[in-house]
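Each chain, letter by letter, is given below.
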Amino acid sequence: MRLPIVKYGDPILRAQGKLIEFVDEPIRALAADMLETMHAANGVGLAAQQVGTALQLTVLDVSQVEDRPSTLKLNGVEVDPVEAMPLVLLNPRIRLDEELASGNEGCLSFPDITAEIDRAIIVEAEADTLEGETIRIEAGGLLARALQHEVDHLHGILFIDRMSSVTKASLSSRLKRLQRETLRGRGDSASKR
Ligand SMILES: [Zn+2]
């Protein structure tokens, strides 16, 4: 089932995700719905906060992006990142390489807004899977960027927090407008209930 994507201005985007201690049917269903929602929106990643649930759960799929390559090692073995997609990660813990690169980034919670963001070029992560395993990931390229963006979401951090102050200032009126529209939309749906 496709879920509505929460937009900037909704306080859930600032919530710290709760650890998932065991995988039950509602978690599996949420992950499946998040994959469907991300694919329908042509996104490369989606965090649980973006569908209104503050949990340590994110889905990623960079396989449709041809002009920005990714690299991936799974449990120390180099794999084809396209074959390995999509990824469903629970409770991801990441370690960032010190070397940064600037790259263009968008977010499904910020329609039509993109910006250059500095991110680590390589990230290592450990995460739990729906099957109850723990996997080790080393990601580069677009996947590294997407993973950092999504793990930020799981801790209530948004890409606007990573923008330079100049970039953020240049977007300020658009951000305020989006925030207002989101709050108005929330008011409408609350009064319909
Ligand atoms: Zn995002």
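Everything that follows concerns the structure shown earlier in this document.
Quick notes on the rules
- Residues numbered from 1 in each chain as written.
- Predicted model: local features only at pLDDT ≥ 70, side-chain atom pairs only at ≥ 80, totals over all residues.
- Heavy atoms only, no water.
- Pairing = 2+ DSSP bridges.
- Helix = DSSP H or I, 4+ residues; strand = E, 2+ residues; numbered from the N terminus.
- Axes fitted to C-alpha atoms, helices over the stretch in contact; angles between N-to-C directions.
- Buried < 20%, exposed > 50% of the residue type's maximum accessible area, 1.4 Å probe, protein only.
- 1 Å grid on protein atoms, 1.4 Å probe; cavity = no way out; pocket = protein on both sides within 12 Å on 5 of 7 lines; lining within 4 Å.
- Points joined across faces, edges and corners; volume = space filled by probe spheres on them.
- Nonpolar A, V, L, I, M, F, W, Y, C, P; charged D, E, K, R; others polar.
- Patch = residues over 30% accessible without salt bridge, like charges linked within 9 Å, V, L, I, M, F, W, Y side chains within 5 Å.
- Areas by Shrake-Rupley, 256 points an atom, 1.4 Å probe, with all protein chains shown as cover.
- Salt bridge = Lys/Arg side-chain N within 4 Å of Asp/Glu carboxyl O.
- Lys, Arg positive; Asp, Glu negative; His and termini not counted.
- Charge placed at Lys NZ, Arg CZ, Asp CG, Glu CD.
- Core = buried A, V, L, I, M, F, W, Y, C linked by side-chain atoms within 4.5 Å.
- Donors = N, O, S within 2.8 Å, 3.2 Å for Na, K, Ca; no water.
- Polar contact = N/O pair within 3.5 Å; in protein donor to acceptor, adjacent residues only side chain to side chain.

A. The arrangement of the sheet that holds strand β8 (residues 122-128) in detail. Taking strand neighbours across the sheet as the criterion, the 7 strands line up as β1-β2-β5-β8-β9-β3-β4 in an open arrangement whose pairing is antiparallel. What marks the edges here is a single partner per strand, and that holds for β1 (45-47) and β4 (77-79). For this sheet the average axis-to-axis angle between neighbouring strands, irrespective of direction, equals 40 degrees. In this structure, strand β3 (residues 70-74) lies alongside strand β9 (residues 134-140), joined through 4 bridges in antiparallel fashion.

B. Structural view of unusual backbone geometry. Residues Met85 and Pro86 are joined by a peptide bond in cis, for which omega reads -10 degrees. Structurally, Pro86 is set in the loop between α2 (81-84) and β5 (87-96). With a phi close to 50 degrees, Asn75 is a non-glycine residue in the positive phi region. Relative to the assigned elements, Asn75 resides in the loop between β3 and β4. You can call Asn75 partly exposed: its relative accessible area is 39%.

C. Quick peek at the layout of surface pockets. Reported here for the largest pocket is a volume of approximately 370 Å³. Along its surface, the largest pocket is lined by 20 residues, and Gly43, Val44, Glu105, Gly106 and Cys107 are the ones closest to its centre. Breaking the lining of the largest pocket down by element, the ones donating at least two residues are β6 (100-106) and α3 (141-154). Of the residues forming the lining of the largest pocket, the biggest block, 5 residues, is contributed by α3. Partitioning the lining of the largest pocket into residue classes produces 8 nonpolar, 7 polar and 5 charged.

D. A positive patch on the surface, seen in detail. Together, Arg174, Lys176, Arg177, Arg180 and Arg184 line one region of the surface with positive charge. Inspection of the secondary structure assignment puts Arg174 in helix α5 (residues 172-192).

E. Summary view of the nonpolar core. By size, the foremost hydrophobic cluster in this structure holds 20 residues, and its most contacted members are Leu87, Leu89, Ile137, Ala139, Leu143 and Leu147. Elements with a minimum of two residues in this core: β5, β8, β9 and α3. Examining the composition of this core, we find that 6 residues originate from one element, α3, more than from any other. Within the second largest apolar cluster, 17 residues are counted, among which are Met38, Leu46, Leu55 and Val59.

F. Looking closely at the pairing of β8. Summarising the sheet, β5 and β8 pair through 5 bridges and their orientation is antiparallel. Note that in β8 the partner of Leu96 across the bridge is Val123. For β8 and β9, the ladder comprises 7 bridges, and the chain directions are antiparallel. Bridge pairing in β9 places Val123 opposite Ala139. Where β8 hands over to β9, the hairpin turn is made up of 5 residues, of which Gly132 adopts a positive phi near 85 degrees.

G. Representation of the coordination of the zinc ion within the structure. Bound to the zinc ion on the protein side are Cys107 (SG), His149 (NE2) and His153 (NE2), at distances that span 2.0 to 2.2 Å. Taken in chain order, the donor set of the zinc ion reads C-x41-H-x3-H. Note that Cys107 is positioned in the loop between β6 and β7 (114-120) and His149 in helix α3, a separation of 42 residues in sequence. The class of His149 is buried, set by a relative accessible area of 6%.

H. Quick look at the environment of Ile160. Position of Ile160 relative to the elements: it lies in the loop between α3 and α4 (165-170). Sequence-wise, Ile160 and Asp67 are 93 residues apart; in three dimensions their C-alpha atoms are separated by 24 Å.

I. Expanded view of the side chain of Gln148. On the secondary structure map, Gln148 appears in helix α3. At 2.8 Å, the side chain of Gln148 forms a polar contact with the backbone oxygen of Ala120. Only 3.0 Å separates the side chain of Gln148 from the backbone oxygen of Ala144, close enough to count as a polar contact.

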